[in-house]
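Chain by chain, the residues run as shown.
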Amino acid sequence: MCIRDSLYTKAVRKMLRDQYPNSKAMYWFSPENEFVQYQKGDILQWWGTDKALAQALEKMKDQKFVLNNNEHLYLDCGVGNLYGDGTWCGSYKTWKTIYEMPLLESKQIIGAVVSLFGELVNDQVVDS
């Protein structure tokens, strides 16, 4: 069953449409959930790689994207996790890494966001 077809999702979409008729829905999106049938005009917050983004833009022509690329836009990478394991998202993302992010020319891209997840924030990750 697709998310759009669930009773919960239908009810939430109706409630939001009734309360905020001029608003659009925004979903966290990665290549793993391409199977979801989004509605035309939904905004997708991209979480994935540069290579996969180009493919998603081609497949999802009715959607707009806000970039949240884990290769460039995650500030909490590089230290590891709370259990002493390595980090899933590679080395530190410096401001230079962010500014050097390759940009795709696409009218589908409407912005970007830099993430810093709270479970890994400490004085090693953020200037105190």
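Q: What should I look at first to understand the overall build of the protein chain in this one?
A: Of regular secondary structure, the protein chain possesses three helices and four strands. With 128 residues in all, the protein chain has 34% of them scored as buried. Taken as a whole, the protein chain presents about 8,800 Å² of accessible surface, with 55% of it coming from carbon and sulfur.

Q: Any chance you could explain the confidence of the model for the protein chain here in plain terms?
A: Low-pLDDT stretches of the model should not have their predicted coordinates read in fine detail. Across the protein chain, the average pLDDT comes to 79, with 83% of residues at 70 or higher. Taking the mean pLDDT of every element in the protein chain, the minimum, 82, falls on helix α1 (residues 7-19) and the maximum, 93, on strand β3 (residues 64-67).

Q: So what exactly am I meant to see when it comes to helix α2 (residues 50-59) here?
A: Because an α-helix completes one turn every 3.6 residues, residues spaced three or four positions apart along the sequence face the same direction. All of the buried residues in α2 are Ala52, Leu53, Ala56 and Leu57. Angular distribution of buried residues about the axis of α2 spans 140 degrees; they occupy a single face of the element. Pointing more than 90 degrees away from the buried face of α2 are the exposed residues Lys51, Glu58 and Lys59. On its buried side, α2 packs onto β1 (26-29), β2 (43-46), β3 and β4 (109-112).

Q: Please explain the sheet that holds β4 as it appears in this structure.
A: In a beta sheet, neighbouring strands are held together by backbone hydrogen bonds and run either parallel or antiparallel to one another. Pairing is parallel across the open sheet formed by four strands, whose spatial order is β1-β2-β3-β4. Where the open sheet ends on each side, the last strands, each with one partner, are β1 and β4. Strand-to-strand twist of the sheet, defined as the mean angle between neighbouring strand axes without regard to direction, takes the value 25 degrees. Here four bridges tie β1 to β2, and the two strands are oriented parallel to one another. Paired with Met26 across the bridge in β2 is Ile43. On top of the sheet, α2 reaches β1, β2, β3 and β4; it is set at about 165 degrees to β3, its chief contact.

Q: Explanation requested: the pattern of salt bridges in the structure shown.
A: Two side chains bearing opposite charge may form a pair once their charged atoms approach each other closely. Tallied over the full model, the rule gives three salt bridges. Among the ionic pairs, Lys61 bridges to Glu58, the shortest N-O distance being 3.1 Å.

Q: Before we go on, may I ask you to explain the side chain of Gln45 in this structure?
A: Counting through the fold element by element, Gln45 comes out in strand β2. Polar side-chain contacts of Gln45 include one of 2.9 Å to the side chain of Asn68. What Gln45 contacts, discounting residues up to four positions off in sequence, is Met26, Tyr27, Trp28, Phe29, Val66, Asn68 and Val113.

Q: Any chance you could explain the packing of aromatic side chains here in plain terms?
A: One pair of aromatic rings is described through two measures. These are the centre distance and the angle between the planes. This model, assessed by the stated rule, comprises seven aromatic pairs. With centroids separated by 5.4 Å and ring planes inclined at 50 degrees, the aromatic side chains of Tyr27 and Tyr38 adopt a geometry described as tilted. With Tyr27 in strand β1 and Tyr38 in the loop between β1 and β2, this pair connects stretches of sequence that are 11 residues apart. The class of Tyr38 is buried, set by a relative accessible area of 11%. Between the aromatic rings of Trp28 and Trp47, the centroid separation amounts to 5.8 Å while the plane-to-plane angle is 80 degrees, which identifies the pairing as edge-to-face. Highlighted residues: Trp28 in strand β1 and Trp47 in the loop between β2 and α2, separated in sequence by 19 residues. Counting every residue linked through ring pairs, the aromatic cluster contains Tyr27, Phe29, Tyr38, Trp46 and Phe65.

Rules used throughout
Residues numbered from 1 in each chain as written. Predicted model: local features only at pLDDT ≥ 70, side-chain atom pairs only at ≥ 80, totals over all residues. Heavy atoms only, no water. Helix = DSSP H or I, 4+ residues; strand = E, 2+ residues; numbered from the N terminus. Buried < 20%, exposed > 50% of the residue type's maximum accessible area, 1.4 Å probe, protein only. Areas by Shrake-Rupley, 256 points an atom, 1.4 Å probe, with all protein chains shown as cover. pLDDT = per-residue confidence, 0-100. Arc of directions from axis to C-beta. Contact = heavy atoms within 4.5 Å. Pairing = 2+ DSSP bridges. Axes fitted to C-alpha atoms, helices over the stretch in contact; angles between N-to-C directions. Salt bridge = Lys/Arg side-chain N within 4 Å of Asp/Glu carboxyl O. Polar contact = N/O pair within 3.5 Å; in protein donor to acceptor, adjacent residues only side chain to side chain. Phe/Tyr/Trp six-rings, centres within 6.5 Å; stacked < 30°, edge-to-face > 60°.

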